[in-house]
Amino acid sequence: MQNSPFDQKIIKVVERVLRNAFSESVFLDTGEVLQDGIRASTYCFHLLASASSVPTSVIVKHVKSTDQAPYIPERAIIPAWTFFNEWASLVFLDILVDGEEFGPCFYGGDKESGLMVIEDLGQGKRLDDYLKGTDPIAAESALIEFAAIHGRLHAVTLGKKDEFRLIRESLGPSMLEDEQDTYEQLISTFHQTVEILGILTDQEVAGDLEILKQSMLHPGPFQSFIQNDSCADNCLFQESKLRLLDFEGGMFDHALKEGVYGRMHFPTCRYVYRIPRHIVLRMEEAYRVELAKKCSEANNERYFARTVAEACVFWMLQWYQMDPLLKVLENDRLLIAATSRQRYLLRSEIVAQTTQEAGRMEAIGRTIGAMAEKMRTLWPDVEEMPLYPAFRVKYKQ
């Protein structure tokens, strides 16, 4: 590689990783920076002519190490923690899932350098590209497939937590969270948010909160591997085939946390507009059908609906932490697309409706519904969250 802007040490490590993966002599040709992120940089490298078994290009993720966030492989801190999560996730999906390609293939990595080499999926369209477009049929189909692939992912990873844990532990320590304490914090934040609006609660709410905590802490039949940040820009369509991207948060948890991503309008994501309700229901049914192939409990529509309600309440409580109401009361913020207040109103009303329809978490749902009514009186000028651009003409925004 002549006049390369890349560190020669990185190039040598990538070549060595590929030689080990393919048992062939491999030399890099040109390279380009794809993303210069906060925790890691992503590059695409092209390879000089080689054996047909070796790809013509690869993607390289390289961890950034700073004084504020040093890369120390032996310590359970970011960025090492997220780097090894992605490494373990891709290895897990490569070797332990029933033949379906959920993410890019993992070719290898180097712990000391904080570097991994993965498949270059090439050109394609992300889900958000469809949602930003002008074709409502293509956008709806993309949303359905997005939901379905998560259903398949969750289905085939049920019962494989120990296999994932062994892979992850072989790489380095994980950041251990006290999950009990995490849910106690969520509950505390919920009470604080209710008090800010002057909404009264009763003993039934306390009962619902305890049920929610136990359900989320002990997913039972719904414990599966989740991507843990399944946003519209963390996937890539190559024609009709979809692959998932970014597994830095990959872990075993409650499957329905991702199963309700459509209903709760991408709760961890920045680019958020409204999805027509009938499409949300189609997404959820596509997800449920795939999950039910390995999870018999998902065949029970009433049980599934109740679990959906619990997962929606979880995300509402999580949202109170992610975007505290006190700040939103002071000032509305545009978060790439919709504003904080629009998200509060839409998601609150979804939770109130979902809990009522499912007959689950109803006391919390009534409380959140009352909070939404109070917010509307405080924010009379807040407009309804717009539809995604792809749906605005067909469904007459």
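The rules behind each value
Residue numbering note: each chain is counted from 1, following its sequence as written. Only residues with pLDDT of at least 70 get local features here, since the model is predicted, and only at 80 or more are side-chain atom pairs given and counted; chain-wide, interface and lining totals rely on the full set of residues. As a convention, hydrogens and water are excluded, and side-chain values are obtained from all of the structure's heavy atoms. Under the DSSP-based scheme used, a helix requires at least four consecutive residues in state H or I and a strand at least two consecutive residues in state E, with every element numbered from the N terminus. Pairs of residues are marked as contacts when any of their non-hydrogen atoms sit within 4.5 Å. We call two strands paired when DSSP finds no fewer than two bridges between them. Working convention: axes come from line fits to C-alpha atoms, limited for helices to the stretch in contact. Angles between N-to-C directions cover 0 to 180 degrees. Per-residue accessibility, obtained with a 1.4 Å probe over protein chains only, is compared with the maximum for each type, and a residue is labelled buried under 20%, exposed over 50%, and partly exposed between these values. By the criterion applied in these results, polar contacts are pairs of N or O atoms within 3.5 Å in which, for protein atoms, one can donate a hydrogen and the other can accept it, and in which residues neighboring in sequence qualify only through two side-chain atoms. The salt bridge criterion pairs a side-chain nitrogen of Lys or Arg with a carboxyl oxygen of Asp or Glu, the two atoms within 4 Å. Geometric relationships in this document are graded by angle, where less than 35 degrees denotes roughly parallel, more than 145 denotes roughly antiparallel, 65 to 115 denotes roughly perpendicular, and other angles denote oblique. Helix crossings fall into two classes, left-handed where the near helix is turned counterclockwise from the far one by less than a right angle and right-handed where it is turned clockwise. Note that Gly is not counted as nonpolar here; it falls among the polar residues with everything else outside the nonpolar set of Ala, Val, Leu, Ile, Met, Phe, Trp, Tyr, Cys and Pro and the charged set of Asp, Glu, Lys and Arg. Two aromatic rings, drawn from Phe, Tyr or Trp (for Trp, its six-membered ring), form a pair once their centres lie within 6.5 Å of each other, and the interplanar angle then sorts them: stacked below 30 degrees, edge-to-face above 60, tilted otherwise. Only when the NZ of Lys or the CZ of Arg is both within 6 Å of the ring centre and within 35 degrees of the ring normal is a charge said to sit over the ring.

### Section: the environment of L34
And then number 1: Examined against the element boundaries, L34 turns out to sit in strand β1 (residues 28-36).
And then number 2: Along the backbone, L34 and V91 are 57 residues apart, and their C-alpha atoms lie at a distance of 23 Å.
And then number 3: With residues up to four places along the chain from it excluded, the contact list for L34 reads T42, Y43, C44 and I59.

### What about the sheet that holds strand β2 (residues 40-47)?
And then number 1: Spatially, β1-β2-β3-β5-β4 is the arrangement adopted by the five strands of the open sheet, whose pairing is antiparallel. Both edges of this open sheet fall to β1 and β4 (106-110), since each of them pairs with a single strand only. For this sheet, the mean inter-axis angle between neighbouring strands, taken without regard to orientation, is 20°.
And then number 2: Across the sheet, helix α1 (residues 8-22) touches β1, β2, β3 (57-63), β4 and β5 (115-119), and the angle it forms with β4 is around 135°.
And then number 3: Lying on the sheet, helix α2 (residues 80-96) is in contact with β3, β4 and β5; it crosses β5 at an angle near 35°.

### A few points about unusual backbone geometry
And then number 1: Backbone torsion omega between I78 and P79 reads 15°, so that peptide bond is classified as cis.
And then number 2: Among the secondary structure elements, P79 is positioned in the loop between β3 and α2.
And then number 3: Even without being glycine, S23 reaches a positive phi, approximately 55°.
And then number 4: Relative to the assigned elements, S23 resides in the loop between α1 and β1.
And then number 5: Using a relative accessible area of 65% as the deciding quantity, one classes S23 as exposed.
And then number 6: Positive phi, close to 50°, is recorded for F266, a residue that is not glycine.
And then number 7: Positionally, F266 belongs in the loop between α8 (256-259) and α9 (277-292).

### Let's talk about the side chain of R243
And then number 1: Tracing the backbone through its elements, the reader meets R243 in strand β8 (residues 241-244).
And then number 2: There is a polar contact of 3.1 Å between the side chain of R243 and the side chain of E101.
And then number 3: A polar side-chain atom of R243 sits 2.9 Å from the main-chain carbonyl oxygen of G103.
And then number 4: Not counting the four nearest positions on each side in its chain, R243 is found in contact with E101, F102, G103, P104, C105, E119, L121, C235, L236 and Q238.

### Details of the pattern of salt bridges
And then number 1: Summed over the entire model, instances satisfying the criterion amount to 28 salt bridges.
And then number 2: Salt-bridge contacts for K257 lead to D253; the nearest nitrogen and oxygen are separated by 2.9 Å.
And then number 3: Look at D253 and you get buried, because its relative accessible area is 9%.
And then number 4: The partner of E285 in a salt bridge is R288, and the shortest N-O contact between them spans 3.0 Å. With a gap of three residues between them, E285 and R288 both fall in helix α9, about one helical turn apart.
And then number 5: Under the relative-accessibility criterion, E285 is labelled partly exposed at 36%.
And then number 6: Relative accessible area serves as the criterion here: at 8%, R288 is assigned to the buried category.
And then number 7: Residues joined in a network through salt bridges with shared partners are E100, E145, R152, E290 and K293.

### A closer look at the packing of helix α6 (residues 179-197) against helix α7 (residues 203-217)
And then number 1: In the contact formed by α6 and α7, the axes pass within 10 Å of each other and the chain directions differ by 150°. By the criterion of interaxial angle, the relationship of α6 to α7 is roughly antiparallel. Of the two elements, α6 crosses α7, and the hand of that crossing is right-handed. The residues of α7 that touch α6, namely those facing E179, Q180, Y183, E184, I187, F190 and H191, are V205, L209, K213, M216 and L217.
And then number 2: Here the contact of α6 with α7 is built from residues that sort into seven nonpolar, two polar and three charged.

### Observations regarding the packing of aromatic side chains
Two aromatic rings, taken as a pair, are described by how far apart their centres are and by the angle between their planes.
And then number 1: Per the stated rule, a full pass over the model turns up 30 aromatic pairs.
And then number 2: When the centroid spacing of 6.4 Å and the interplanar angle of 50° are considered together, the rings of Y71 and F84 count as tilted. Within this pair, whereas Y71 is found in the loop between β3 and α2, its partner F84 is found in helix α2, the two being separated by 13 residues in sequence. Taken individually, Y71 and F84 each receive the classification buried, so the pair is uniform in this respect.
And then number 3: A network of ring pairs unites the aromatic residues F146, Y183, Y261, F266, F314 and W315 as a single cluster.
And then number 4: Sitting over the ring of F84, K111 keeps its end group 5.8 Å from the ring centre.
And then number 5: Seen from the ring of Y271, K132 lies directly overhead, with NZ or CZ sitting 4.9 Å from the centre.

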